[in-house]
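Structure at a glance
Given next are the chains, with one letter for each unit.
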Amino acid sequence: MSEYPSRIKTRKYFITAVLLFVVQMLIGIVMSVDVLSRDRSTTPLPFDILKALHLNLMVLWLLLGFVGGLYYLLPVETGRDIKHPKLIDIQFWLLLLIGIGIIISEIFFTGRNWWLVEGREYVEAGRLWDILLTAGLLTVVYNVIATMLESRNKLSSPILVLAAGTVGSVLMYVPGEIWFDNIVAAEYFRWWVVHYWVEASFELIAAGVIALILLAMTDARREIIEKYLAIEVALILLTGIIGQGHHYYWIGTPDSWLFLGGLFSALEPVPLFLMVWSAYKDLKENHKPILNIVVLYMIAGATLGNFMGAGIWGFIHTLPQINFYTHGTQITSSHAHFATPGTYLLLVLGISYLAIPDLTGRMNFSQYRGKIGFWLLVIGFLNIIFALLIAGVIQVYQQRVEGLSFMSVQNTLLPYFEWRLIGGLIAFAGGLLIAYDLILISITKVGSKMNK
Amino acid sequence: MNNIRLIMIGLLVPALLMIPFSIMSFYTDFANRNPDPSLVTVDFNQKTYNAIEGKKEFEQYQCMGCHTIVGNGAYFAPDLTTVYRRMKENDALLANFMMSGAPAKGMPPMKERSMNIDDAYRITAFLKYTNMLDTNGWPGEGSWDRDGDPDSVSPEKQNVSDIWQVVLGIIFINSLVFSIIFAFERRNNEQEEGS
């Protein structure tokens, strides 16, 4: 601990990430009320602004969680402190400033200024915020690489994968920001941001973090974990990069993408299954007592959520013959609400539960709240997922096969949206409990119990 | 094989393949016959607006926050790819509909969101252009292609007799989830006691 003084600076990253997640869930609940009432007077903001905030807050807290996690894990692996500790603080405040800027411009400038609000799904943040965000993340990349170049240990593959994922997520933010006159090209490159984040860069970060946490918590052999990691990562990239094609079926690109996208994205569950299997094997053969059960829950949940949400739920509508009907329906929504929280939320919470007790020296924290919070999240999100999945199947049948109009189908789906709201409230309770628990663990005076 | 070398192969082979695939997607000999957005125009009040201006306004007013375009966006409101066809290819009808919205169904009058009539015509030009895209047949014969008059369906009140399906669903899914949780926790506790 004391040999890496900069680590304590990462605590605010995790706390902010979890708090932003709670805000994101609150916005999601308001949105689901809006879907039920379709009445502007019941919600404080219009649906499109809520939706933009729902997505952009997620992007922000994911980045905060991953950058914080990288700064937390890097010193142990490299055997030295972060090269520029001051940058850790500056980057945090910059990211937070960008986040506040995005929220303010969404609320007050939507439709008024293209530099402040761009209004494209996932990259709603205006051009100004894009440039600032890229610049801020480039300094993160610089700091990470500078630290790794002066590493005292030989760099292991998990930390290289983690760093490659971070660099990749910065690089892949850029193509989506280029202006194209043509909607086909604009959508083509917008998906580079979204797809190459969630199915390449973030997936690398996930694989790296899971491997590092397993290395720290279990007695599984390092070579085996690293070998599995390499195979997983190679397969993720091999299937994921061309698997991009499943976004290019109906946006005006050639029909050769139907074949390429269908073939490669059908293979995408394979590495995700490998992740589950290797984690299961490591945990089963483990003899080291695991003290921090909450981290274990989160990591096991993340691997399973990744396989089920991204792998299975993605596979059910990835083939072009099926996607022709399911594209742009609630099926996609169900998939997104499984894959993102199932993988990245649990991962960020896992790193937080690993880091915060370690940083504050409260290793003997009560794990009761964390476990209950985890299960509340699982119950809540599974309710959301199944409500949306059934709603999606009904929508596909009524609207895309029978040809009923959009609004009459939405009326049929109302009971399922009510079910989704119930799930959202349960998950929100879990999120609140976890945020409360993490804040409680983190407010212990730094260093007070460390050397006992 | 060396781990890093394996990862590099996994990265470089598909990344290099993406270059010809991307070129193929836009090189005119292979690409779909999509119109040039600068040539798709709409006239209003002796002014001409093209689809490029329209695309910028479409982004700025965050239409994708509720609607979808080529199926991407939010699922709160209908897809807009072929809305120009559904509006009988009538520029004035579409632009005026945008301005007045459909408050009963959740669409705000866009003039309250600071949209002026010129912007509405710019977006009309953009939607005229998306209607001409070659999207490999999507959305086909689904309702997005033949939704008809935008005011044809009014929002109905929910039918209470439909609720039972959802109640059954909630009971079924949650009993499944809870049985998994209890089985898992029980096994964990037994292991802890055993060890």
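By convention here, each chain's residues receive numbers from 1 onward along its written sequence. For this description, chains carry letters from A and ligands carry numbers from 1, given in the order in which they are written. Owing to the predicted nature of the model, reporting of local features is limited to residues with pLDDT of at least 70; listing and counting of side-chain atom pairs is limited to 80 or more, with chain, interface and lining totals taken over all residues. Processing note: side-chain calculations cover all non-hydrogen atoms of the structure and skip hydrogens and water entirely.

A closer look at the overall build of chain A
Think of it this way: any DSSP run of H or I at least four residues long counts as a helix, any run of E at least two long counts as a strand, and we number them from the N terminus. For chain A, the helix and strand inventory stands at 14 helices and zero strands. Moving toward the C terminus, one meets the helices and strands of chain A in the order α-α-α-α-α-α-α-α-α-α-α-α-α-α. Each radius of gyration reported is based on C-alpha atoms, and the globular scaling rule is 2.2 Å times the count of residues to the power 0.38. For 452 residues, the compact-globule estimate of 2.2 N^0.38 gives 22 Å, and the C-alpha radius of gyration of chain A, at 21 Å, lies within 12% of that figure. Across the 452 residues in chain A, those meeting the buried criterion constitute 67%. A contact between two residues is defined here by any heavy atoms of the two lying within 4.5 Å. Long-range pairs, those at least 24 residues apart, make up 82% of the contacts in chain A between residues at least 6 apart in sequence. Per-residue and other accessible areas were derived by the Shrake-Rupley procedure at a 1.4 Å probe size, with only the shown protein chains allowed to occlude residues. Here chain A displays about 15600 Å² of accessible surface, and carbon together with sulfur accounts for 71% of that area. Here's how the labels work: a residue is buried when its accessible area is under 20% of the maximum for its type, exposed when over 50%, partly exposed in between, all with a 1.4 Å probe on protein chains only.

Side note on the packing of helix 4 (residues 91-100) of chain B against helix 5 (residues 117-131) of chain B
All names here are of chain B. Here an axis means a line fitted to C-alpha atoms, over the contact stretch when the element is a helix, while the angle between two N-to-C directions is reported on a 0 to 180 degree scale. Viewed as axis vectors pointing N to C, helix 4 and helix 5 meet at an angle of 125 degrees, and their least axial separation amounts to 9 Å. By the angle class used here, helix 4 and helix 5 are oblique. Relative to helix 5, the crossing made by helix 4 is right-handed. Contacts from Asp91, Ala92, Leu94, Ala95, Asn96, Met98 and Met99 in helix 4 reach Ile117, Ala120, Tyr121, Ile123, Thr124 and Leu127 in helix 5. Convention used here: angles under 35 degrees read as roughly parallel, angles over 145 as roughly antiparallel, angles from 65 to 115 as roughly perpendicular, and any remaining angle as oblique. Helix crossings fall into two classes, left-handed where the near helix is turned counterclockwise from the far one by less than a right angle and right-handed where it is turned clockwise.

Re the environment of A:Arg40
Residues and elements named next belong to chain A. Within the secondary structure, Arg40 sits in the loop between helix 1 (11-37) and helix 2 (47-78). On the basis of relative accessibility, which here comes to 43%, the residue Arg40 falls in the partly exposed class. In this structure, the C-alpha to C-alpha distance between Arg40 and Leu296, residues 256 residues apart in sequence, is 43 Å. Ignoring anything within four residues of it in the chain, the contact list for Arg40 reads Leu45 and Pro46. Think of a polar contact as two N or O atoms within 3.5 Å of one another; within protein, one of them needs to be a possible hydrogen donor and the other a possible acceptor, and neighboring residues in sequence only count if both atoms come from side chains. For Arg40, the side chain forms a polar contact with the main-chain oxygen of Thr43, separated by 3.0 Å.

Considerations on the pairing of strand 1 (residues 41-44) of chain B
All names here are of chain B. Sheet topology places strand 1 next to strand 2 (residues 47-50); four bridges connect them, and they run antiparallel. Paired with Val42 across the two strands is Tyr49, which belongs to strand 2. The antiparallel pairing of strand 1 with strand 2 creates a hairpin that spans two residues between the two strands, and Asn45 there sits at a positive phi of about 55 degrees. Being paired, for any two strands, means DSSP has found at least two bridges between them.

Let's talk about the interface of chain A and chain B
If you look at the interface, chain A gives 93 residues, while chain B gives 80 residues. Both faces considered, chain A and chain B share a buried interface measuring about 7600 Å² in area, 64% of it formed by carbon and sulfur atoms. Per-residue buried area on chain A facing chain B is highest for A:Arg38, A:Ile183 and A:Phe406; these three make up 9% of the total on that side. Each salt bridge in this description consists of a side-chain nitrogen of Lys or Arg and a carboxyl oxygen of Asp or Glu lying within 4 Å of one another. At the surface where chain A touches chain B, the tally comes to two salt bridges. Ionic pairing is found between A:Arg120 and B:Glu59, a salt bridge with its closest N-O pair at 3.9 Å. Residue polarity follows a fixed list, in which Ala, Val, Leu, Ile, Met, Phe, Trp, Tyr, Cys and Pro are nonpolar, Asp, Glu, Lys and Arg are charged, and the others, Gly among them, are polar. Its residues assigned to classes, the side of chain A that touches chain B comprises 49 nonpolar, 24 polar and 20 charged. Accessible-area loss on putting two parts together, using a 1.4 Å probe and summing over both, is the definition of buried area adopted here.

Details of the nonpolar core
In terms of nonpolar packing, the biggest core is built from 194 residues, with A:Trp61, A:Tyr353, A:Leu377, A:Phe381, B:Phe58 and B:Leu127 touching the most fellow members. Broken down by element, the residue count for this core peaks at 24 residues, all from helix 6 (residues 183-217) of chain A. Apart from residues lying up to four places away in sequence, B:Leu127 is in contact with B:Phe58, B:Ile69, B:Leu80, B:Thr81, B:Val83, B:Tyr84, B:Leu94 and B:Met98. Only buried residues count toward a nonpolar core. Its members are Ala, Val, Leu, Ile, Met, Phe, Trp, Tyr and Cys residues joined through side-chain atoms within 4.5 Å.

Things to note about the packing of helix 2 of chain A against helix 5 (residues 157-171) of chain A
Residue and element names in this part refer to chain A. Running from N to C, helix 2 and helix 5 cross one another at 145 degrees; their axes reach a closest spacing of 11 Å. Where helix 2 crosses over helix 5, the two elements pack in a sense that is left-handed. Residues Leu70, Leu73, Leu74 and Glu77 of helix 2 form the contact with helix 5, whose own contacting residues are Ile159, Leu162, Ala163 and Thr166.

Focus: the pattern of salt bridges
By the definition in use, this model includes 22 salt bridges over all chains. In this structure, A:Arg127 engages A:Asp130 in a salt bridge whose closest nitrogen and oxygen atoms are separated by 3.7 Å. Of the two residues, A:Arg127 and A:Asp130 are both situated in helix 4 (residues 127-149); the distance of three residues between them amounts to about one turn of the helix. Side by side, A:Arg127 and A:Asp130 carry an identical accessibility label, which is buried. Members of the salt-bridge network, linked through shared partners, are A:Glu118, A:Arg120, A:Arg127, A:Asp130, B:Lys55 and B:Glu59.

Let's talk about the confidence of the model for chain A
Residues and elements named next belong to chain A. On average, residues of chain A score 91 in pLDDT, and 98% of them reach the 70 mark or higher. Per-element confidence in chain A is highest for helix 1, whose mean pLDDT is 95, and lowest for helix 5, whose mean pLDDT is 90. Low confidence marks residues 448-452, where pLDDT is under 50. Its contacts with residues over four positions away, or in another chain, come to two contacts. A score between 0 and 100, pLDDT records how confident the predictor is in each residue.

Quick word on helix 2 of chain A
Because an α-helix completes one turn every 3.6 residues, residues spaced three or four positions apart along the sequence face the same direction. Residues and elements named next belong to chain A. Between its terminal C-alpha atoms helix 2 stretches 46 Å, which fits the 46 Å expected from 32 residues at 1.5 Å a residue. For helix 2, the buried fraction is high: 31 of the 32 residues fall into the buried class. A positive backbone phi angle near 75 degrees is found at Gly79, which sits one or two residues after helix 2. A helix's residues, less one, multiplied by 1.5 Å, set its expected span.

Points about the packing of aromatic side chains
Each aromatic ring pair is specified by the distance between its two centres and by the angle formed by the two planes. Two aromatic rings, drawn from Phe, Tyr or Trp (for Trp, its six-membered ring), form a pair once their centres lie within 6.5 Å of each other, and the interplanar angle then sorts them: stacked below 30 degrees, edge-to-face above 60, tilted otherwise. Applying the stated rule across the entire model yields 41 aromatic pairs over all chains. Ring centres of A:Phe189 and B:Phe26 lie 6.4 Å apart, and the angle between their planes is 15 degrees; this geometry places the pair in the stacked category. With one member in each of two chains, A:Phe189 in helix 6 and B:Phe26 in helix 1 (residues 3-26) form a pair that bridges those chains. The class of A:Phe189 is buried, set by a relative accessible area of 17%. Here the aromatic cluster, defined as three or more aromatic residues joined through ring pairs, consists of A:Phe180, A:Tyr188, A:Phe189, A:Trp192, A:Tyr196, A:Tyr248, A:Trp257, B:Phe21 and B:Phe26. Whether a charge lies above a ring is judged from NZ of Lys or CZ of Arg, which has to be within 6 Å of the ring centre and within 35 degrees of the ring normal. The ring of A:Tyr72 has A:Arg7 sitting right over it, with the charged end atom 4.1 Å from the ring centre. Seen from the ring of A:Trp191, A:Arg190 lies directly overhead, with NZ or CZ sitting 4.8 Å from the centre.

Some points on the environment of A:Leu263
Considering the arrangement of structural elements, one finds A:Leu263 in helix 8 (residues 256-266). Separated by 114 residues in the primary sequence, A:Leu263 and A:Leu377 have C-alpha atoms spaced 33 Å apart.

Some remarks on helix 9 (residues 269-284) of chain A
Residue and element names in this part refer to chain A. Counted at 1.5 Å a residue, the expected span for helix 9 with its 16 residues is 22 Å, and the 22 Å between its end C-alpha atoms agrees. Residues of helix 9 that are buried include every one of Pro269, Pro271, Leu272, Leu274, Met275, Val276, Ser278, Ala279, Lys281 and Asp282, and no others. Each element contacted by the buried residues of helix 9 is listed here: helix 6, helix 7 (222-243), helix 8 and helix 10 (293-315).

Details of unusual backbone geometry
Residue and element names in this part refer to chain B. Between Trp138 and the following residue, Pro139, the backbone shows a cis peptide bond with an omega angle of 0 degrees. The topology assignment puts Pro139 in the loop between helix 5 and helix 6 (163-194). Of note in this structure, Gln46 is not a glycine but carries a positive phi near 65 degrees. Unlike most non-glycine residues, Gln62 shows phi in positive territory, near 55 degrees. Position of Gln62 relative to the elements: it lies in the loop between helix 2 (51-60) and strand 3 (68-69).

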